[in-house]
Amino acid sequence: MLETFPRVQLAHLPTPLEPLPRLSAALGGPDIWIKRDDCTGLATGGNKTRKLEFSLGAAMAEGADTIITAGAVQSNHVRQTAAAACKLGLACEVLLEQPFAEPSEPYMQSGNVLLDKLFGANLRAHPAGTDIVAAMESLADQVRQAGGQPYVIPVGASNATGALGYVDCAVELLGQAEDQGLVIDHLVTATGSAGTQAGLAVGLRAMRSQLPLLGIGVSAARDVQQQKVYALACETAELIGQSGIVARDDIVANCDYIGDGYGLPTTGMNEALLLLARQEGLLLDPVYSGKALAGLVDLTRKGAFDGARNIVFLHTGGSAALFAYLDQLHT
Ligand SMILES: *Cc1c(COP(=O)(O)O)cnc(C)c1O
């Protein structure tokens, strides 16, 4: 299904699929399993690495020498892109957007920002509300005028090419479940720029699986998020020659766990972070996986998964951002 697309090898695959017995017991609901995409291996790992195998595969096939991308200041996508660019010998130009007013010193300097700098990415600050797509295009023009060959990767690598990484992840997960004799009743993931959920939805349907997939939103309202995921799923299905396999109803998001906004801590996130740390010795992140697990925990407690035996939580990574939240997390 994906063999015809150019791809570079960046990730440690397959990522483990592991039980979380102590978390499951603490919640008293179905058995919870974790798909360890925090262990993709590139510069502390995370979900963007799978997408970048295809985005950067396309860039290399086009003969690019400079990658242009963008994200919030503490973007995990930017960090993984900066590392991958080093591995492939490409320059990396980054537009960083400050997502909220009055960020702390660690937010602006530590965590992913420190790692971006270690990888030598050229960071440019942009105020919130910048037209980032236009800004990336104009930077691409400048690179071309200077004789370079730019390749623009959108925020989160969330276009159809990047989403192929999560089509592949769905295939990988279904194969692992079969090998382990595990019947999965629900798959839960954080959803932001949409490529992860869109790719998973396409991969599941392409494999004729009806496994329900729930995205826990971290930024946009529910209708907006679901429409964004659905539109990208349609484009991704078309790219692999399977137009129409994803229905609008296949795309389900719950956006009740965002709190005051993208990147702003919530009590539930902090609680989920401590719960997974202390029950299982695992790290989440404050922006995505922490809020996603907060949703899973709350929905489990409310009985939303009653009757289910096994739930898989996709861990999308991001723990490098913990250090940027030094002064905002309760331990
Ligand atoms: C980017 C990111 C997500 C969201 O994935 P999308 O494909 O953008 O929806 C989730 N978790 C982490 C840690 C991320 O960096």
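Presented here is a report on the structure given in the accompanying data block.

### A closer look at the sheet that holds strand β2 (residues 31-36)
Strand order in this open sheet of six strands is β1-β2-β10-β7-β8-β9, and the pairing throughout is mixed. With one partner strand each, in any of the chains shown, β1 (17-19) and β9 (252-254) form the two edges of the open sheet. Here the strands of the sheet are splayed against their neighbours by 30° on average, with no regard to which way each runs. Of the pairings in the sheet, the one linking strand β7 (residues 186-191) to strand β10 (residues 310-315) comprises three bridges and is parallel in character. Looking at the pairing, L187 lines up with V312 of β10. In the packing of helix α7 (residues 160-180) onto the sheet, the strands contacted are β1, β2, β7 and β10, and the crossing angle to β2 comes to about 130°. Against the sheet, helix α8 (residues 195-206) contacts β7, β8 (213-217), β9 and β10, and its axis sits at roughly 175° relative to β8.

### Looking at the site of the ligand
Near the ligand there are 17 residues, and of these K48, K51, S193, T196 and T316 occur at the shortest range. Take N47: an N or O atom from its side chain is 3.0 Å from an oxygen atom of the ligand. In the model, an oxygen atom of the ligand is placed 3.4 Å from a nitrogen or oxygen of the G195 main chain. In isolation the ligand has 380 Å² of accessible area, and contact with the protein removes 98% of it. Of all the secondary-structure elements, those providing two or more residues to the shell around the ligand are α2 (48-61), β7 and α8. Taken together, the residues of the shell around the ligand sort by class into three nonpolar, eleven polar and three charged.

What counts, and where the lines are drawn
- Residues numbered from 1 in each chain as written.
- Predicted model: local features only at pLDDT ≥ 70, side-chain atom pairs only at ≥ 80, totals over all residues.
- Heavy atoms only, no water.
- Pairing = 2+ DSSP bridges.
- Helix = DSSP H or I, 4+ residues; strand = E, 2+ residues; numbered from the N terminus.
- Axes fitted to C-alpha atoms, helices over the stretch in contact; angles between N-to-C directions.
- Contact = heavy atoms within 4.5 Å.
- Near = heavy atom within 4 Å.
- Polar contact = N/O pair within 3.5 Å; in protein donor to acceptor, adjacent residues only side chain to side chain.
- Areas by Shrake-Rupley, 256 points an atom, 1.4 Å probe, with all protein chains shown as cover.
- Nonpolar A, V, L, I, M, F, W, Y, C, P; charged D, E, K, R; others polar.

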